[in-house]
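Next come the chains, spelled out residue by residue.
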Amino acid sequence: MIAPIEITGLFTYPIKSCRAIQHASLALDAFGPVWDRRWMLVNPAGEFVTQRTFPKMTQIAVTVDATDLLVQAPGEPALPISLSKIRDAAQPVVVWKDTCQGWDEGDAAAEWFSRYLGSSLRLVRMADDFVRVANPKWVSFAAKVSFADGFPILLANEASLDDLNRRMEARQAKPVTMDRFRANLVIRGAPAWAEDHWKQIRVGNLVMDVVKPCTRCVITTTDQDSGKIPQVGEPLATLATFKRWENAVVFAQNLVHRGPGTLSVWDTVEVIG
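No experiment lies behind these values; they were computed from the predicted model shown.

## Digging into the nonpolar core
Core analysis: the biggest nonpolar cluster contains 23 residues, and I15, I60, L69, V71, F113 and L123 have the highest contact counts within it. Mapped by element, the contributors of at least two residues to this core are strand 5 (39-42), strand 8 (68-72), strand 9 (79-82) and helix 1 (107-117). Among the elements that make up this core, the one with the highest residue count is helix 1 (five residues). Sequence-distant contacts of F113, that is, excluding residues within four places in its chain, are made with I15, L41, I60, V71, L79, G118, L121 and L123.

## A few points about the layout of surface pockets
Taken as a whole, the largest pocket holds about 930 Å³ of empty space. Residue lining of the largest pocket: 37 residues in total, with W96, D149, G150, F151 and T215 positioned closest to the centre. Contributions of two or more residues to the lining of the largest pocket are made by strand 13 (153-157) and strand 16 (206-215). Examining the composition of the lining of the largest pocket, we find that three residues originate from one element, strand 16, more than from any other. If you add up the space inside the second largest pocket, you get close to 350 Å³. Residue lining of the second largest pocket: 18 residues in total, with F11, Y13, A20, M178 and D179 positioned closest to the centre. At the level of secondary structure, the elements contributing two or more residues to the lining of the second largest pocket comprise strand 1 (5-12), strand 2 (21-23) and helix 2 (158-170).

## As for helix 1
Among all positions in helix 1, only A109, A110, W112, F113, S114, Y116 and L117 are buried. Looking at the buried side of helix 1, the elements it contacts are strand 5, strand 8, strand 9 and strand 12 (122-126).

## Things to note about the pattern of salt bridges
Inspection of the entire model under this criterion finds 17 salt bridges. The closest approach of N and O atoms between E105 and K85, which form a salt bridge, is 3.2 Å. Linking E105 in the loop between strand 11 (98-104) and helix 1 with K85 in the loop between strand 9 and strand 10 (91-95), this pair joins segments that are 20 residues apart in sequence. Salt-bridge contacts for R188 lead to E158; the nearest nitrogen and oxygen are separated by 2.8 Å. Here the residue R188 occupies a position in strand 14 (residues 185-188), and E158 occupies one in helix 2, the gap between them amounting to 30 residues. Because the salt bridges share partners, they merge into one network encompassing R38, R125 and D128.

## Notes on the sheet that holds strand 8
Overall, antiparallel pairing links the three strands, which are arranged 7-8-9 in an open sheet. The two strands at the open ends of the sheet, each matched to only one other strand, are strand 7 (61-64) and strand 9. Strand after strand, the sheet turns through a mean of 20 degrees between neighbouring axes, direction not considered. Sheet topology places strand 7 next to strand 8; four bridges connect them, and they run antiparallel. Counterpart to A61 in the pairing with strand 8 is Q72.

## Topic: the sheet that holds strand 11
The strand order across the open sheet built from five strands is 6-5-12-11-10, with neighbouring strands paired in antiparallel fashion. Two strands in the sheet have a free side with no partner beyond their single neighbour: strand 6 (48-49) and strand 10. Relative to strand 12, strand 11 runs antiparallel, the two sharing three bridges. The residue bridging G102 from the neighbouring strand is M126, located in strand 12. Across the sheet, helix 1 touches strand 5 and strand 12, and the angle it forms with strand 12 is around 125 degrees.

Cut-off values and rules
- Residues numbered from 1 in each chain as written.
- Predicted model: local features only at pLDDT ≥ 70, side-chain atom pairs only at ≥ 80, totals over all residues.
- Heavy atoms only, no water.
- Core = buried A, V, L, I, M, F, W, Y, C linked by side-chain atoms within 4.5 Å.
- Buried < 20%, exposed > 50% of the residue type's maximum accessible area, 1.4 Å probe, protein only.
- Helix = DSSP H or I, 4+ residues; strand = E, 2+ residues; numbered from the N terminus.
- Contact = heavy atoms within 4.5 Å.
- 1 Å grid on protein atoms, 1.4 Å probe; cavity = no way out; pocket = protein on both sides within 12 Å on 5 of 7 lines; lining within 4 Å.
- Points joined across faces, edges and corners; volume = space filled by probe spheres on them.
- Salt bridge = Lys/Arg side-chain N within 4 Å of Asp/Glu carboxyl O.
- Pairing = 2+ DSSP bridges.
- Axes fitted to C-alpha atoms, helices over the stretch in contact; angles between N-to-C directions.

This is the structure in structure tokens:
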């Protein structure tokens, strides 16, 4: 009997490039996982910043409850931010090539992040009435997306990570953990790299298109617990020896969902295309 493909991990990252929240169940709304990458930090020019510039962002933990986004970091007071406060008009902010409309979360939040990261920064939340869509080159319909790099959901396969780690060990590099790749949806039961050949999957009544591989950057070299880079260039150097796509190093697959729904750990994943 063939073992099923199952979900083993569900994660969101409410503030882009800060720590993950792990979930037993995860609701998806029009933009993807609820509250995922709905906030980001911007510099004085309104441009997004990430761990590429501030590895210390790995130390910023967040939670979201019914009323607040709560931000915490070592040595800093907790920072609660109301989800329903009256806000000023949205302002333009930039993530990659997209200009979006974001609500500034105020001076107290700006002072907290600027102090902790040592640079002038402000926290912004994507305005609820702003619609950013995924690249139509890869998606056949107007799929909404938050401040994620480009698509609502990222899927990673445990077997692919196992294969990568075997290859790293053969090169005398130390294995890495799945959190380096900041996926929303982690699966088990499929062969290594099988996800690279899927076109569509279904979990319960929720259908998701597998649209393109995820190109990887230097963030994958940063330990997500410590914020340190324990081995220069890895795992990118090993990935570059065998997983390249359109002149980029890739790991994991970007998905778009075809409606709202809920995912739960141990749900079965059916490959339908």
